[in-house]
Amino acid sequence: MAKISINMKEGDVEKESDVIIGIDLGTTNSLVAYIKDGKAVAIKGSNKEALVPSIIHFSKEDILVGDAAKEKLISDPSNTIFSVKRLMGKSYGDVDKVKELFSYSIIDDDTESLVKIKVGEKYYTPIELSAEILKELKKRIEKELDAKVSKAVITVPAYFNDAQRQATRDAGKLAGLDVLRIVNEPTAASLAYGIGQDAEIEQTIAVYDLGGGTFDISILKIHIGIFEVLSTNGDTFLGGDDFDRAIVNYWIEKNKIDEAKIASDKSFGQSLRLMAERAKKQLSTTDSFSATLDGVEYSIDKKTFQDLIQPLVEKTIDSCKMALKDAKLDKAAIDHVVMVGGSTRVPLVNESVGSFFGKPVNNSLDPDEVVALGAAIQADVLAGNQKDLLLLDITPLSLGIETVGGLMDTIIPRNNKVPARAGRNYTTSVDGQTNLKIAVYQGERDLIEHNRKLGEFILKGIPPMPMGLPKIEIQFILNADGILTVKAKELRSNVEQEIEIKSSYGLSEEEMALMLLDSIKNAESDMNARVLLESRNEGNNVYKSTLRFLAQNDHILTDEEKAKTKDFAEALNTTIQGDDKDAINQAMEALNEYTSPIAHKAMDLNIKDALKGKKM
Ligand code: ADP
Ligand code: MG
């Protein structure tokens, strides 16, 4: 399983695992799993819990992730980031309406580009923040395996669009993970239940996933080992958090709490929220809850709780109806209902879903873990350790291009199977036209102005001809991860251009158009640009961790060691400002070479931890 590499220069032995890990990067909680002795297992932390709250806390000194960060929701809410997944691949315009749901600052100067999160004086992208969560998970499994891991499968909701999928991949990369596959969460959940293993049986499955802040229902058809997503539906703002909020509101009314106090005292609001969550969880197994906060008693009984959440549960059932309608199925056609997500532990949820579908629900696996376990199984398939299972997914939104008058011309329709390939012929609308702009959109509306722009490029060098004569073939190729390649070719002259549509995060329309054009003109220089950015990122990380290392070990290091380390770090920092990737890499190597023996010398484990991951 593990590969051992020996660093000849330093005599170090480094173990590198071949294991491909499965990650459920959740809105509320995340976890990592792998196949151990032929069985998928979720990695538990020192607290014996597999779930890592998807929460990040920033202090001057360090970044906390998980349970430690969750505690900071009360003591330091404005530096504590949660629900980052909601912001992945989203522009400010997308989240403007819901901004008040976050107790931290979400900023952007223009509504087109993607959101950033302000913590203190710094700005972070959702990708960077998600990478922090992934790094924590990576650390966990590396500790468990006592070896480095570098390959992963990460799950995303079935409705995630291209930008969101790409952002997830990039977060993986930032965390030092090669993301081999992005898998839809319901597909992973089905895999965890081993559904479809028997090639003889054809089954239709409903995957009901009620998490902390989101609800998804997916209808899958499984036959001869193939998983096909027939339809998806849901609500991106409905989940266990709403149950908590319902309890909080109930208490506000019942205990006559001044709303102004909640608004002005963030930590009181958070305490109340966390207490409501405790109440909810307790009511999954008992009939009543009561506790005190600041000397005041708060209580609620099960019946009241159920009345509070009844309308919310009803809404999820409405979504189930719509998903069935989209799949053109009657609920009687569903063979199994798979329950996913922590909120399906609420008995009323289980009962309501069971009675709607008219059969007992499938909840024998831990609803928190199923997605990660399925991701681990998919990872194992990719590693070649299992008889190949074909995984078929669907595109959640239509993909198309802009045609005359700002109309959306759909090329790959919504709910089409992925991978997919589709094409259509176009022509010019002006005599002698030599350029054709191809703008790619995603969405269901008829006018492109209502849809989401993914990118554009210009097919240049069409020989001048009367309008209507050139034949321009546009092809959309969507790969298994939902990444789109668009090809344009003038068939009379064979002039052709091709681009890969990356998401538009962090870029203005102009920058994006420029980048896409460049990618057509010169794929190689694009690749170099990417590598440079990655080196800068890496260099920056090394630089920062070195400064942290210096600060943390000030008392152990000699003056000379401190001065020299600083010199190497500053030399690295200088190269980061330039654009020579090799210079950056060399500076990193030089720094690493110098600091490694110092780390070895120092016996403190913390020191080694600080330097971990900066080997070239
Ligand atoms: P996500 O997929 O959004 O990351 P999870 O599937 O981890 O979310 O679900 C988290 C939600 O499940 C939270 O709202 C949490 O309060 C809720 N939850 C966890 N355990 C229970 C329980 N025993 N009873 C009710 N709700 C629970
Ligand atoms: Mg989930």
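Structural data are supplied above this passage.
All figures in this text were calculated on a predicted structure; none of them were measured in a lab.

Student: In this structure, what is going on with the packing of helix α3 (residues 126-145) against helix α4 (residues 162-174)? I would like to understand it.
Tutor: Axis angle and axis distance: for two packed helices, these are the angle between their axes and the distance between the axes, and together they describe the pair. At a minimum axis distance of 8 Å, the contact between α3 and α4 shows a crossing angle of 55 degrees. The angle between the axes of α3 and α4 places the two elements in the oblique class. Crossing of α3 against α4: the hand is right-handed. In this structure, α3 uses I127, E128, S130, A131, L134 and K135 to contact α4, whose residues at the interface are A167, D170, A171, G172 and L174. Across the contact of α3 with α4, the residue classes break down as six nonpolar, two polar and three charged.

Student: Sorry, what's going on with the sheet that holds strand β26 (residues 420-426) here?
Tutor: The strands making up a sheet associate through backbone hydrogen bonding, with each pair oriented either parallel or antiparallel. One open sheet holds the four strands; their spatial order is β26-β29-β30-β31, and the pairing between them is antiparallel. Two strands bound the open sheet, and with one partner strand each, they are β26 and β31 (495-501). Shown here is a sheet whose adjacent strand axes are inclined to one another by a mean of 15 degrees, direction ignored. The pairing of strand β29 (residues 472-478) with strand β30 (residues 484-490) spans seven bridges and is antiparallel. When the bridges of β30 are listed, L478 appears paired with L484.

Student: Just checking my understanding: could you explain the packing of helix α5 (residues 185-192) against helix α11 (residues 370-382) for this structure?
Tutor: Relative orientation of the contacting elements α5 and α11 amounts to 80 degrees, with a least axis distance of 7 Å. It follows that α5 is roughly perpendicular to α11 by the angle criterion. Between α5 and α11, the contacting residues are E185, A188, A189, L191 and A192 on the first element and V370, V371, L373, G374, A375, I377 and Q378 on the second. Grouping the constituent residues of the contact of α5 with α11 by class yields nine nonpolar, two polar and one charged.

Student: Sorry, what's going on with the nonpolar core here?
Tutor: Taken as a class, soluble globular proteins show a tendency for nonpolar side chains to be buried jointly. Within the largest apolar cluster, 45 residues are counted, with the highest numbers of intra-cluster contacts made by I21, I23 and I81. Sort the elements by how many residues they give to this core and α3 lands first, with seven residues. The contact partners of I21, leaving out residues within four places of it in the chain, are V32, A33, I141, V149, K151, A152, V153, L177 and A379. With 43 residues, the next largest nonpolar core counts L210, A276, F289 and I300 among its residues.

Student: I keep staring at the sheet that holds strand β7 (residues 56-58) and nothing clicks. Help me out?
Tutor: The three strands are arranged β8-β7-β9 in an open sheet whose pairing can be described as antiparallel. Where the open sheet ends on each side, the last strands, each with one partner, are β8 (63-65) and β9 (80-81). With two bridges joining them, β7 and β9 adopt antiparallel strand pairing. Of the residues in β9, the one forming a bridge with H57 is T80.

Student: I tried to follow the site of ligand 1 on my own but got confused; where do I start?
Tutor: T28, N29, E277, K280 and S284 are the nearest of the 17 residues found near ligand 1. K280 places a polar side-chain atom, nitrogen or oxygen, 2.6 Å from an oxygen atom of ligand 1. At a separation of 2.9 Å, an oxygen atom of ligand 1 approaches a polar backbone atom of G342. In the complex, the protein chains occlude 91% of the 580 Å² of accessible area that ligand 1 would expose alone. Those elements giving two or more residues to the shell around ligand 1 turn out to be α6 (240-254) and α8 (266-283). For the shell around ligand 1, the element with the most residues is α8, which contributes three residues. Across the shell around ligand 1, the residue classes tally to one nonpolar, eleven polar and five charged. There are two domains that each give the shell around ligand 1 at least three residues, and those are domain 1 (3-189) and domain 2 (196-362).

Conventions we followed
- The residue numbers shown here count from 1 along each chain, following its written sequence.
- Working convention: letters from A go to chains and numbers from 1 go to ligands, in the order in which they are written.
- Totals for whole chains, interfaces and linings use every residue, but because this is a predicted model, local features are given only for residues with pLDDT of at least 70 and side-chain atom pairs only at 80 or more, for both listing and counting.
- Where side-chain values are given, they derive from all heavy atoms of the structure, hydrogens and water being excluded.
- Orientation is described by lines fitted to C-alpha atoms, with helices fitted over the stretch in contact, and by angles between N-to-C directions that extend from 0 to 180 degrees.
- A helix here means a DSSP run of H or I that spans at least four residues, while a strand means a run of E at least two residues long, and both kinds are numbered starting from the N terminus.
- Under this scheme an angle from 65 to 115 degrees is roughly perpendicular, one under 35 degrees roughly parallel, and one over 145 degrees roughly antiparallel; angles in between are oblique.
- Left-handed describes a crossing whose near helix is turned anticlockwise from the far helix by less than a right angle; the clockwise case is right-handed.
- Any two residues whose heavy atoms approach within 4.5 Å at even a single point are treated as in contact.
- When residues are grouped by polarity, Ala, Val, Leu, Ile, Met, Phe, Trp, Tyr, Cys and Pro land in nonpolar, Asp, Glu, Lys and Arg in charged, and all others, Gly among them, in polar.
- A pair of strands is labelled paired if DSSP reports no fewer than 2 bridges between them.
- Grouping buried Ala, Val, Leu, Ile, Met, Phe, Trp, Tyr and Cys residues that are joined through side-chain atoms within 4.5 Å yields what is termed a nonpolar core.
- The classification of residues rests on relative accessible area computed with a 1.4 Å probe and restricted to protein chains. Under 20% of the type maximum is buried, over 50% is exposed, and intermediate values are partly exposed.
- Residues are classed as near a molecule or strand on a simple rule: at least one heavy atom within 4 Å of it.
- Any pair of nitrogen or oxygen atoms within 3.5 Å is treated as a polar contact; in protein, a donor-acceptor pairing is required on top of that, and neighbouring residues in sequence qualify only through side-chain atoms on both sides.
- Note on areas: Shrake-Rupley, 1.4 Å probe, and residue coverage restricted to the protein chains presented here.
- For the purposes of this description, domain bounds are those given by an automatic or database domain assignment.

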